[in-house]
Amino acid sequence: MPDSQPQQPPHSPRSGSGAGGNGGAGASADFGTLLLSGARLTDGRTVDVRLGGGRIEAVGTAGSLPPPLASSRVDLGGYLLLPAPAEPHAHGDTALTADGEGPASYTTEEVQRRATESALLQLGHGATAVRSHVRIGDVHGLAPMEAVLQARRSLRGLTDLTAVAVPRLLTGVAGADGLSMLRDAVKMGASVVGGCPDLDPDPAGYTEAVLEVAAEHGCPVDLHTDGDDPARLARLAAMAGGLRSGVSVGPCGGLSRLPLDVATRAAEQLAAAGVTVVCLPQGDCAALERRGLRAAPVRLLRAAGVRVAAGSGALRDAANPVGRGDPLEAAYLLASQGGLRPKEAYEAVSGAARAALGLPEVRVEAGFPAELLAVRGDRISGVLSLAYSRIVIHRGRVVARTSAVREYCDSAVAVALDLPRQGRMEPGP
């Protein structure tokens, strides 16, 4: 796939969503003004929201913000307007490989295609920022990293894609090449350093090597760990506490298999070190040996003061051949199985996920970044249950739209119950 701009969502005359500009190198430019009218907020208000220059310019009661002459307008009647989700744990290099025949291809062109397509799928679900963990080393060297970085350039203006360098080994004689390649990956453009300490013969040495490279280059750290070894977690927390650029670990499903007092002590150590835990409610990813499908104990972690973000993990690869890459599904699972309230669950895939990625906070208030998701529904619980129709806004313009239409056949019971419909509100042709 050439390093070019993916196709933009088509302009809808009814909604006026086609704000000007393209998504190439000038994506940070002002695309003009966009008025979101009649949106419902989580506090129950119905408002108009004016966007400009990639930020929220004003929020007022419905009908109070007449659009400037050159603006576009999107009617959000019937939609709940939320801060956009972010995806803190993706694997763009291995995504979409489950259905292929034989071994997956790791040519630069194929990896770039997969990384681009998977990021666009996640954008369609609402994630306007994606952190992709990319394996480096072995027979493929740095080619997968170069491919994901090319995908990042081609997606500029549509979504923010960042790459995490994930070497296989970092200690001993066998790890010397991996350490050298990790430094090379950062020089190429990988903005985060990571890996899997659990799979190295010397997990503590692996973690120390990653933190050393991160300190050298001022990079954040994002490590895969099952979290089933409390002594190993304690060492990680002790080493990570002084790194200013931030440390995330996940998916930490092994914490759920530890005795309660041991898991609580480990969580308190992670909280004291400022380490974020990125859980994967939809299941582990291919980077770790699968040791069970239990997710991280999010309520225990939150009670200990740990920032908990939620990611999607595998997207139709060997680890999860039916993975959706949908942050709202991750939030749904946290609410339905993880014991969180719907608002808490959504925060894990939005505010907490953005913070884990080092992104600025988003609120539906003037002055905040225009990174927004509109979902048909009137409250968070309904959105997590039936999130069909979605409008995604990145840097102040509509970049993706999913419209679902639910119809029922003509029958007395359908009329009597006034069954709800999705999408098309006016009578059909």
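Here's a quick rundown of the structure. Every chain is numbered independently, its residues counted from 1 as its sequence is written. For this predicted model, a pLDDT threshold of at least 70 governs which residues receive local features, and a threshold of 80 or more governs which side-chain atom pairs are given and counted, while totals over whole chains, interfaces and linings are taken from all residues. In computing side-chain properties, one takes all heavy atoms of the structure into account and sets aside hydrogens as well as water.

**Points about the packing of aromatic side chains**
Centres within 6.5 Å make a pair out of two Phe, Tyr or Trp rings, where for Trp the six-membered ring is used; the pair is then stacked when the planes are under 30 degrees apart, edge-to-face when over 60, and tilted otherwise. Taken as a whole and judged by the stated rule, the model has zero aromatic pairs. We note arginine 114 situated over the ring of tyrosine 106; from NZ or CZ to the ring centre the distance is 5.0 Å. Here, a charge over a ring means that NZ of Lys or CZ of Arg falls within 6 Å of the ring centre while also lying within 35 degrees of the ring normal.

**Examining helix α3 (residues 172–188)**
In this model, α3 (17 residues) spans 24 Å end to end at C-alpha, consistent with the 24 Å of a helix rising 1.5 Å per residue. Among the residues making up α3, those that are buried are Gly175, Gly178, Leu182, Ala185 and Val186. Projection of α3 onto a plane perpendicular to its axis shows the buried side chains occupying an angular sector of 95 degrees, all on one side. Facing away from the buried surface of α3 by more than 90 degrees, the exposed residues are Val173, Asp177 and Lys187. Residue contacts are counted whenever heavy atoms from the two residues lie within 4.5 Å of one another. Secondary structure counts use DSSP, requiring at least four H or I residues in a row for a helix and at least two E residues in a row for a strand, with both numbered from the N terminus. On its buried face, α3 is in contact with β7 (129–136), α2 (143–154), β8 (160–167), β9 (192–195) and α4 (203–217). A positive phi of about 140 degrees marks glycine 189, the residue just after α3. A helix is expected to span 1.5 Å for every residue after the first. Note on classification: 1.4 Å probe, protein chains only; a residue is buried when its accessible area is under 20% of the maximum for its type, exposed when over 50%, partly exposed between these limits. Think of the arc as the fan of directions from the helix axis to the C-beta atoms.

**Section: the sheet that holds strand β12 (residues 276–279)**
When DSSP finds two or more bridges between two strands, those strands count as paired. What the eight strands build is an open sheet, ordered β6-β7-β8-β9-β10-β11-β12-β13; its pairing is parallel. The sheet is open, and its two borders are formed by β6 (87–90) and β13 (308–310), each paired with just one other strand. Along the sheet, successive strands turn relative to each other by an average axial angle of 25 degrees, direction set aside. Direction of pairing for β7 relative to β8: parallel, over a ladder of eight bridges. Opposite arginine 135, over in β8, you have valine 166 as the bridge partner. Fitting a line to C-alpha atoms yields each axis, with helices limited to the stretch in contact; the angle taken between N-to-C directions then spans 0 to 180 degrees.

**Things to note about the pairing of strand β1 (residues 33–40)**
With seven of eight residues buried, β1 is to be regarded as a mostly interior element. The pairing of β1 with strand β2 (residues 46–52) spans six bridges and is antiparallel. Directly across from threonine 33, in β2, lies its bridge partner glycine 52. Alignment of β1 against strand β4 (residues 72–75), held across four bridges, turns out to be parallel. Looking at the pairing, leucine 35 lines up with arginine 73 of β4.

**Some words on the pattern of salt bridges**
Salt bridge, as used here, is a side-chain nitrogen of Lys or Arg placed within 4 Å of a carboxyl oxygen of Asp or Glu. For the structure shown, the criterion picks out 20 salt bridges. Note that glutamate 110 is salt-bridged to arginine 113, the shortest N-O span being 3.1 Å. Taken together, the positions of glutamate 110 and arginine 113, both in helix α1 (residues 108–125) and three residues apart, correspond to about one turn of that helix. The exposure class assigned to glutamate 110 is partly exposed, which follows from its relative accessible area of 27%. With a shortest N-O distance of 3.5 Å, arginine 324 and glutamate 329 are connected by a salt bridge. What you see here is one network of salt bridges that share partners, running through Glu110, Arg113 and Glu117.

**Re the nonpolar core**
Of all hydrophobic cores here, the largest spans 79 residues; its most connected members are Met145 and Val221. Ranked by residues supplied to this core, first place goes to α4 with six residues. If near-sequence neighbours (up to four positions away) are discounted, methionine 145 is found in contact with Val134, Ile136, Ala163, Val164, Ala165, Ala185, Met188 and Ala190. In this structure, Leu36, Tyr79, Val362 and Ile391 belong to the second largest nonpolar core, which totals 21 residues. Nonpolar cores are built from buried Ala, Val, Leu, Ile, Met, Phe, Trp, Tyr and Cys residues. Side-chain atoms within 4.5 Å join them into one set.

**Structural notes on the environment of proline 167**
Along the chain, proline 167 turns up in strand β8. Remark: the alpha-carbon pair of proline 167 and alanine 185, spanning 18 residues in sequence, is separated by 9.7 Å. Not counting the four nearest positions on each side in its chain, proline 167 is found in contact with Ile136, Gly178, Leu182, Gly194, Gly195 and Tyr206.

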